[in-house]
Structures are given as C-alpha cells and as structure tokens.
Amino acid sequence: MMPDGSHGELRLCQRLALDDAEARALLEAMRAGSSSRSAVVLTPKAPPDYVPPFPCEDMSAVSWLPPRVFVPQAGKGISRPTAYEDYRNGLYYMLDLSSCWESAALAQVSPPARSLDLCAAPGGKSMLMAARYLPQNHTANEVNAARRGILRQNMELCGVPDVTVTGLRPDQWAASGERFDLLLVDAPCSGQSLLCKGIRNPGCLGSAMVNGNAKRQKGILLAAVQCADPGAHLLYSTCTYDPDENEKVMAYILRRVPGWEAVEVPSLASFRSRLADFAAYRLYPHHGFGAGGFCCLLRKND
Ligand SMILES: C[S@@+](CC[C@H](N)C(=O)[O-])C[C@H]1O[C@@H](n2cnc3c(N)ncnc32)[C@H](O)[C@@H]1O
C-alpha cells in the first residue's frame, strides 16, 4: 500500500514507479533530511600518496567510487574535515557522495584533449574530473557571475591546471564554433534531493518548477551537443528525482539529435533506471550513498 504523503510526494512516487517499500524509504528520507554523506576529493595540489588527516571509511567494496575520493568517518570525537589546514590550503575539496556517484560514468571516457564543464560552479564536477585525469585545456563555465567568482577561487585554491573560467550562456557556446571531446552538463534542476539533506526547497515537487527546469535543461543540452566533436562524450547529471528532468530529457535529446547514443556504465549496473530503455542511472537516498541523483553518459558517433 502506498504510504501517506502530500500530493507532491505521492505524485513523485507514482511517477517514479517505486514499489511500496521504495516509496516509503524515499518519503522517509525526504522528511528526515539526514541523507547527506560527505565525501572528499583530493585536488591536483595533493601529492599522489596523500591521505586525508582524519579517519575514513573502508570503501574498497564500492566499485564505482572515483579515484582520489575518500569518505570521512562521522562520529563523536572526530573533527570535521573542514577544520583542517589542508582543507584551507586546497588539498581536498568537499562535496556530497552522490556528486561523486554522478561522475562515476567518466570511467568509460578516455582522458579528453579538450573539455567543457558548462554549468560548473562551485566546481565539484570539474574537481572530480581533475582527480580522474589531470585536465588539459579544460574550460569551467558558469553563467552566474557571483557563482563564477567562487568557481574561480576554488579552481585556483585547489591548483587545477590548464583551466579557463568563463561565463558564456550555452547558446553563446553553440554559436562560438568551439568544439570539445568531453562536455559536462550538471544541470540546474528542481533539486528535490535537497529535501533529503534537510534543506528547504519550496515548490520543488510541483509541476511548475519541474516543467520550467525540464525546458531549461533541454535548451542547455541542445546547445551543448553543438559543441561536440565526433566521438565526444557528454555527461548529463542532476540532483533531482523527477523523470521529466532526467530520463525524459535524455530521451528528448536522443530522439531530436541524430548520431548520439547512451553509453552503458558497468560499475553503475545496479543503479540502472527502470524508467528508460537506454542506459541511464538513478541514485536514491536509501542506497546509502548520499542524497541521490541521476546521470546519463551520451556519446556522439564518429
Ligand atoms: C547543479 S549546479 C552545478 C554544480 C557544479 N557542477 C558542481 O559540481 O559544483 C548548476 C549550475 O548551472 C547554472 N545555471 C543556471 N541556469 C543556467 C543556464 N541557463 N545555462 C547554464 N547554466 C545555468 C547555475 O548557476 C549553477 O551554478
């Protein structure tokens, strides 16, 4: 039997085709707001043999965990990772573990010669990319000026090499004639997973916010695909659950833009979305790796 919930909560569970146990778990997580799980990603400033100066969990059984990512142990008597000088000096960067999960698909992508993070601030996905393969010729782009300032500070503090910070709109990138072999679109979204972190997000379950975001996401992606070289990859991710901002946006691009296909990510097989007939992946808070998200890796045929 479907658990009790607000109209928005029940509508979401139905749209996600969750069974009763999954729906209950998601609603509990949204109400408890305690699903955050911190992760630290080592920056290019941290030497190859660097280990964080605080106790970390054994994550050796987690096959999708990106390189140079650690999960700090939480508990009494353990100082917060942000309390250390190494953090202030930019040796590691903090984010939610679900952001690391969203970047796991990059395991399928060879080191790019030229990459563009189209929605980059405050810099988490660019940092995860830099942890996997030191970028050459990377552009971290952010349209919002205030957020762009934070992005620039983070890239500098953490010593990300060969990075240019820019502030063009996606349509300006499309018109620029610039081409890349890796595009990251960590899209602005309704942010439903914020509820599971205890952050208020009024309206995020309503159709107005979801539809507005889906329209914006499609626009960003239609511009992004124009910046792709043949053989390029595009990693799309969000921190929201609604299929209209996830599987349906990807299905729209695959239908509308010839020559692109979704790429299987073997390490994410157990997260495969039931809402798509192509390779797309969903993380829910009850999986235990943070507040949740969505990712889908696309490839442009040669
Ligand atoms: C989910 S956040 C990106 C988080 C970032 N990738 C990270 O890992 O730290 C989405 C970003 O998209 C930006 N954005 C908002 N509207 C946009 C648009 N129309 N085109 C491109 N970016 C947009 C927001 O300012 C925001 O910084």
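Criteria and cut-off values
Residues numbered from 1 in each chain as written. Predicted model: local features only at pLDDT ≥ 70, side-chain atom pairs only at ≥ 80, totals over all residues. Heavy atoms only, no water. Helix = DSSP H or I, 4+ residues; strand = E, 2+ residues; numbered from the N terminus. Rg over C-alpha atoms; globule rule 2.2 N^0.38 Å. Buried < 20%, exposed > 50% of the residue type's maximum accessible area, 1.4 Å probe, protein only. Contact = heavy atoms within 4.5 Å. Areas by Shrake-Rupley, 256 points an atom, 1.4 Å probe, with all protein chains shown as cover. Near = heavy atom within 4 Å. Polar contact = N/O pair within 3.5 Å; in protein donor to acceptor, adjacent residues only side chain to side chain. Nonpolar A, V, L, I, M, F, W, Y, C, P; charged D, E, K, R; others polar. Core = buried A, V, L, I, M, F, W, Y, C linked by side-chain atoms within 4.5 Å.

Asks: Explain the overall build of the chain to me, using residue names and the numbers behind them.
Replies: The helix and strand inventory of the chain stands at nine helices and 11 strands. Computed over the C-alpha atoms, the radius of gyration of the chain is 19 Å, within 12% of the 19 Å expected from 2.2 N^0.38 for a compact globule of 302 residues. Projected onto the principal axes, the alpha-carbon positions of the chain cover approximately 55 × 55 × 35 Å. Across the 302 residues in the chain, those meeting the buried criterion constitute 53%. Considering only contacts in the chain between residues 6 or more positions apart, those separated by 24 or more positions represent 72%. As presented, the chain carries roughly 13,000 Å² of accessible surface, and 51% of it is formed by carbon and sulfur atoms.

Asks: Describe in detail the site of the ligand, supporting the description with residues and values.
Replies: As a structural note, the neighbourhood of the ligand is formed by 17 residues, with Cys119, Gly124, Glu142, Arg147 and Asp186 the closest of them. Here an oxygen atom of the ligand sits 3.1 Å away from a polar atom, N or O, in the main chain of Gly123. At a separation of 2.6 Å, an oxygen atom of the ligand approaches a polar side-chain atom of Arg147. For the ligand, whose unbound accessible area comes to 600 Å², protein coverage reaches 81%. Where the shell around the ligand is concerned, the elements lending two or more residues are helix H5 (124-132) and helix H8 (207-224). In terms of residue class, the shell around the ligand is built from nine nonpolar, three polar and five charged.

Asks: Describe the nonpolar core, and please don't skip the residues or the numbers.
Replies: Trp64, Leu97 and Leu268 are the most contacted members of the largest nonpolar core, which totals 44 residues. Among the secondary structure elements, those contributing two or more residues to this core are strand S1 (38-42), strand S3 (92-96), helix H4 (97-102), H5, helix H6 (145-157), strand S7 (180-186), strand S10 (281-283) and strand S11 (293-300). The biggest single contributor to this core is H5, with five residues. With residues near it in sequence (within four places) discarded, Trp64 still touches Leu97, Cys100, Trp101, Ala104, Ser267, Leu268, Phe271 and Phe289.

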